[in-house]
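# Results of the structural survey
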Amino acid sequence: MRYERPETIGDATALLASAKGRAFVLAGGTDLLVRMKSDAFEADMVVDIKAVAGMSDISETADGFEIGAAVPCAALGEHAGLVAAWPGVVEAANLIGSTQIQGRCTMSGNLCNASPAADSVPALVAAGARVRIAGPDGTRIVPVEDVPQAPGKTTLKKGEFIAAILLPKPAQRSGDAYLRFTPRTEMDIAVVGVGVQLALDAKGVVETARVALGAVGPKVVLAEQAADTIIGTALDDAALEALAEACSAASNPIDDKRGTAAFRKHVAGVLARRAAKIAYERAGGK
Amino acid sequence: MASVSVSTTLNTDEVEFLCQADETLLDVLRNRLGLMGAKEGCGTGDCGACSVIMDGRVVCSCLVLGAEAQGKTIETIEGMAQGSELHPLQKKFIEHAALQCGVCTPGFLMAAKALLDANPSPTEEEIRFWLAGNLCRCTGYDKIVRAVADAAAEMRGEAS
Amino acid sequence: MSFDAEFRNQQFKSVGSRPLRPDGIDKVTGRARYGADFNMPGQLVGRVLRSPHAHARIVRIDTSRAEAVKGVKAVVTAADLPDLTNGDAELLHILDNCMARTKALYDGHAVAAVAAIDAKAAREALKLIEIEYEVLPHVVDVDAAAQSDAPLIDETLFTGGVEPKPAKPSNVANRSEFGHGDVDAGFAQADVIVERSFRTEQAHQGYIEPHACVASCNPDGTADMWVCTQGHFVYRQICADLLGLEVSKLRVTSSEIGGGFGGKTHVWAEPVALALSRKAGRPVKLVMSRDEVFRASGPTSATSIDVKIGARKDGTITAAVAHLRYTNGPYPGMWAELGAMTSFACYDLENVKTVGYEVLVNRPKVAAYRAPSAPMAAFAVESAIDELAGKIGMDPVAFRIRNAAKEGTKSSYGPVYGPIGIGPTLEAAQSHPHMSAPLGPNQGRGMACGFWFNFGGQTCTDLNVNADGTVTLAVGTVDVGGSRASLSLIAAEELGIAYDDVKAVVADTATLGYNDMTDGSRGTFSSSMATISAARNAIDVMRHRAALTWDIPVEDVVWEDGHAKARGENYGNLAPLSVKDIAAESGKTGGPIAGHSELVADGAGVSFATHICDVEVDPETGATRIIRYTVIQDAGKAVHPSYVEGQYQGGAAQGIGWALNEEYIYGEDGRLQNPGFLDYRIPVCSDLPMIDTQILEIPNPNHPYGVRGVGETSIVPPLAAIGNAISNAVGVRMSHIPMSPPRIRAALDGGAGS
């Protein structure tokens, strides 16, 4: 195996595109190094993108925020502007792993690992985040929900890697939230995760909403029908109940070592209700 | 497999080493540099026994490649005491009986040091959540949390 | 010299204080050396190949391609570990567990091993070992395995303990029964009867340090081993037996141990490391990965238990019965028997019967885990007791006090108790402030009791008085949690010197006589007895030296407050001689001063605890948080109270983890699905509150200072205490451990206790 540390995007994509066998992008390494531990793992090259210019920066742009692919999640929580704009996204990212993992793990890696249980992904999808993908043929921008394809599999092509995550400027009177369920308080993989983002009109009625569910299907679920249940409401109890039911209905989970399908469907509704209330309050709703 | 040549700052010393591309920082510390204080409890970042501080952030050295240490500043348990003067956390861990078997202790101390470097007055809850990546199977954490709080108080100049 | 172990009440100077532990600085500076922290010149990397099948016949093993890998120095299979057990079935099972002989009996069972110059070559070689398996039907569930049509783990096994001998082989290895009285007559007197079935899943000890050793065999038949173990003398004996070595030629040094909890009382890879070293002619270091630790070491039994208890309305239990089925892994053990013995040990019962069934399954060989087998039995019994108290309208503590065992009670497993702590711990619980702390919505309180036998066993200790009057104490019980501090306190107390003047070390097998394991809560109990005995022998020597110095009869020299004193009116002007005084002159008065002791420490006092626990349950998700926890336990005499508290807290935390989340999860294919700390969820720091402790001291009459073992009992009550608290909080009675969120949700939805 080779270890490469390119300093430009062009060099990185060229390395990845030219790899004869399997090549892996290394950002935080908190998933990749775990996989490397397995006797079944074989790789020809690891391309460490942390030396590529801009990969470790969070920048506030006219359109919102641009988060370099190698920014560790801990740094997100230390960025006051980002925390104020997208508290749900930051909370989700900060739930990944331990303090030690936080110092290394990235949202881009969380996304590219393509686990349906990735914490930051439902929050990013709810926030309407996009990614800038660099590749041998230049860059393209796609919605976050289009990156994972199936557990462990993404839509990225050979030679491509995510260079940045793009978060829009939050709308007026909007808020986001992410909640997950884990048996332990920390150091756990989401059994269910729910991201909610909504915006209110001047009267406190929900104008737009996005709801995303994690760990209830092979990839993140953008639950549009569930979002519709709260649009036009002031998030009264009936709306919350409808949201919960719609989220349970939108869930198509499996029984596994982390929870039963019935439990996941139920808890998806519970968390959606709770997350929506937090997002509503953050949007200024009362 | 090609070796990678790495220069790094380790416990304030300039250190150079060669390692394999797929070798972890933990393996480099233990097998090439003779620093056995960081332990491999799991190799997958789930136990924290291999914690070291890299550029000011506590990380699991089992989830860092040795090659990534290039140009970094790394602190390990071996560099925590200043000569024969123990760090207040080290003293308080012994005083509070915050270790039984002690195999998790170096990791806890590195994580706790990173906490107090960032937050000199953590609450009990902040201590518990910060240290959630360090598993201890002996103590039930009670005496560890007390030792960290007491060390923080001492470092703030408050009498314990 | 015979040793008088009888308890004598005295004022202690050192015992009961809380000095700094002697190994503290090494452990906070990273200098302490654990199993994997030792290297030998020219050492090879050892790796073990493990079965991916739960149950498979090994048809053929071809190691030739692995042997051809550059850098590979040895490959071993069962053929390299010939059967030298001479009809000793238990020893053969240990050998078979170390390296499968004809069948792989569980996912993770060792089938071959390699030694190579580096990890890369070893890894490559493992992949090139070709094994042809004939996959057999498997069974992992305890109740399914006990059925007559279950796949047989061992076709030659017939259930023991039943008459007449069964005609057909079975996975039920043995039946054991305990009790007294007439339970049918007892139930006939009962006003209320509770009859319930319970299940507990398999838990692992979860020590943070994986098994590790360095083995070095020499061509002359001598060998050295560095290993993390709870008992290096036992490892030496077993390894010598399995490899055909002379005991005296195998020197075993115990490293610092990164947790054991019973899991490091059994050999796993050590004989394999020796076999690799013997074949390669070089030292071999073998360190298990975490995955291997979960798949192939530990764990405790999974169980299925039926309990029936009857009581009169006045609160008297009239009869109690338990049937306990425990998994043993693929080899027979005595785990259900221990469960059957401990089930009702807290109570004074007229009519009681317990029956244990040892059940073989395709899971790793069960190892001791802190008060092995007792927590599961206590979960069943203490849950039923709680329900019974509720049904007759009595406070659960008062109900237990009414039925508690006391001095003179004939225990449910046979012996008659001496002075014991169950009553006092219950009374302390009753008056503890925890009992009146306010509870909020969805919060509930539960309590439960626990028992453990404690063991004594073979022990040998050397105490050397150095020329400067300081003392070196060499013990043979591995220090798993601070015993060097406790034993230094003991030596200081007995000699009348300062704690700082004693340095305790754990001696290797070549430098001290045989010692049993540090298990059964025996470390401090038995080694303190041997230390007291050795100190008394050293004192005897020092009295002789003082007599010689003063030229008076030794009978006139007494030992008081760390000094030899001349007793008698004629000796008024003889100043007392301290240990330092006597030691300084030792070269002139007869040479080095030492005390030695070898004994079997009998009379380990039984141990009881009562735990109180408050939980908060989120009824929507089934998540349970422990919000308050109190441990009350009898220590006999707490030698170093900080480390006694540590044992109480640590055991409670392990019990909490087991109660709520820890479990082995097997797939349909019989493979373990969660062999790692991510999905085998031991409690993390943010999961727990402070754990309050109260140490009671009811002296053990069979120890000079009244010491009892303290290490294990604290894991026994938590499962039931938490189950009872959950019941109190949200009104569902849980019957299946762990009480994970999906199980609590299912119970709240009307599935009984699931």
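Residues numbered from 1 in each chain as written. Chains lettered and ligands numbered in written order. Predicted model: local features only at pLDDT ≥ 70, side-chain atom pairs only at ≥ 80, totals over all residues. Heavy atoms only, no water.

### Remarks on helix α10 (residues 335–342) of chain C
Burial runs high along α10(C): seven of the eight residues are buried. Taken together, the buried positions of α10(C) are occupied by Trp335(C), Ala336(C), Leu338(C), Gly339(C), Ala340(C), Met341(C) and Thr342(C). (Buried < 20%, exposed > 50% of the residue type's maximum accessible area, 1.4 Å probe, protein only. Helix = DSSP H or I, 4+ residues; strand = E, 2+ residues; numbered from the N terminus.)

### A few points about the nonpolar core
In this structure, Phe93(B), Val307(C), Ile309(C), Ile722(C) and Ile726(C) are the most contacted members of the largest nonpolar core, which totals 152 residues. When residues of this core are assigned to their parent elements, the largest contribution, eleven residues, is made by helix α11 (residues 374–391) of chain C. In this view, Ile722(C) contacts Cys613(C), Val615(C), Ile626(C), Ile656(C), Ala659(C), Leu660(C) and Met739(C); residues no more than four positions away in its chain are not counted. Val89(A), Ala118(A), Ala38(B) and Met54(B) belong to the second-largest nonpolar core, a separate cluster that totals 75 residues. (Core = buried A, V, L, I, M, F, W, Y, C linked by side-chain atoms within 4.5 Å. Contact = heavy atoms within 4.5 Å.)

### Here's the deal with the domain arrangement of chain C
All names here are of chain C. In terms of domains, chain C is made up of domain 1 (24–28 + 456–601), domain 2 (51–136 + 211–287) and domain 3 (303–454 + 605–748). For domain 1 and domain 3, the distance between their C-alpha centres works out to 39 Å. Between domain 1 and domain 3, the residue contacts involve 16 residues of the former and 16 residues of the latter. Between domain 1 and domain 3 the total buried area reaches about 1300 Å² when both faces are included, carbon and sulfur atoms providing 65% of it. Of all residues in domain 1, Gly520, Ser521 and Phe525 give up the largest surface area on contact with domain 3, accounting jointly for 36% of the area buried on that side. Summed over the shared surface of domain 1 and domain 3, the number is zero salt bridges. For the side of domain 1 that touches domain 3, the secondary-structure elements that each account for two or more residues are α14 (483–495) and α15 (523–550). Classifying every residue of the side of domain 1 that touches domain 3 by side-chain character gives six nonpolar, seven polar and three charged. (Domains from an automatic or database assignment. Buried area = accessible area lost by both parts, 1.4 Å probe. Salt bridge = Lys/Arg side-chain N within 4 Å of Asp/Glu carboxyl O. Nonpolar A, V, L, I, M, F, W, Y, C, P; charged D, E, K, R; others polar.)

### Examining the packing of aromatic side chains
Residues and elements named next belong to chain C. Counted under the stated rule, the structure contains 22 aromatic pairs over all chains. When the ring of Phe453 is compared with that of Phe455, the centres are 6.3 Å apart and the planes differ by 20 degrees; the resulting orientation is stacked. The exposure class of Phe453 is buried, given its relative accessible area of 8%. Overall, the relative accessible area of 41% leaves Phe455 in the partly exposed class. A centroid spacing of 6.1 Å and a plane angle of 80 degrees characterise the contact between Tyr664 and Tyr680, whose relative ring orientation is edge-to-face. Placement of Tyr664 in the loop between α18 (641–660) and β26 (691–696) and of Tyr680 in the loop between α18 and β26 is noted, with a sequence separation of 16 residues between them. Taken individually, Tyr664 and Tyr680 each receive the classification buried, so the pair is uniform in this respect. (Phe/Tyr/Trp six-rings, centres within 6.5 Å; stacked < 30°, edge-to-face > 60°.)

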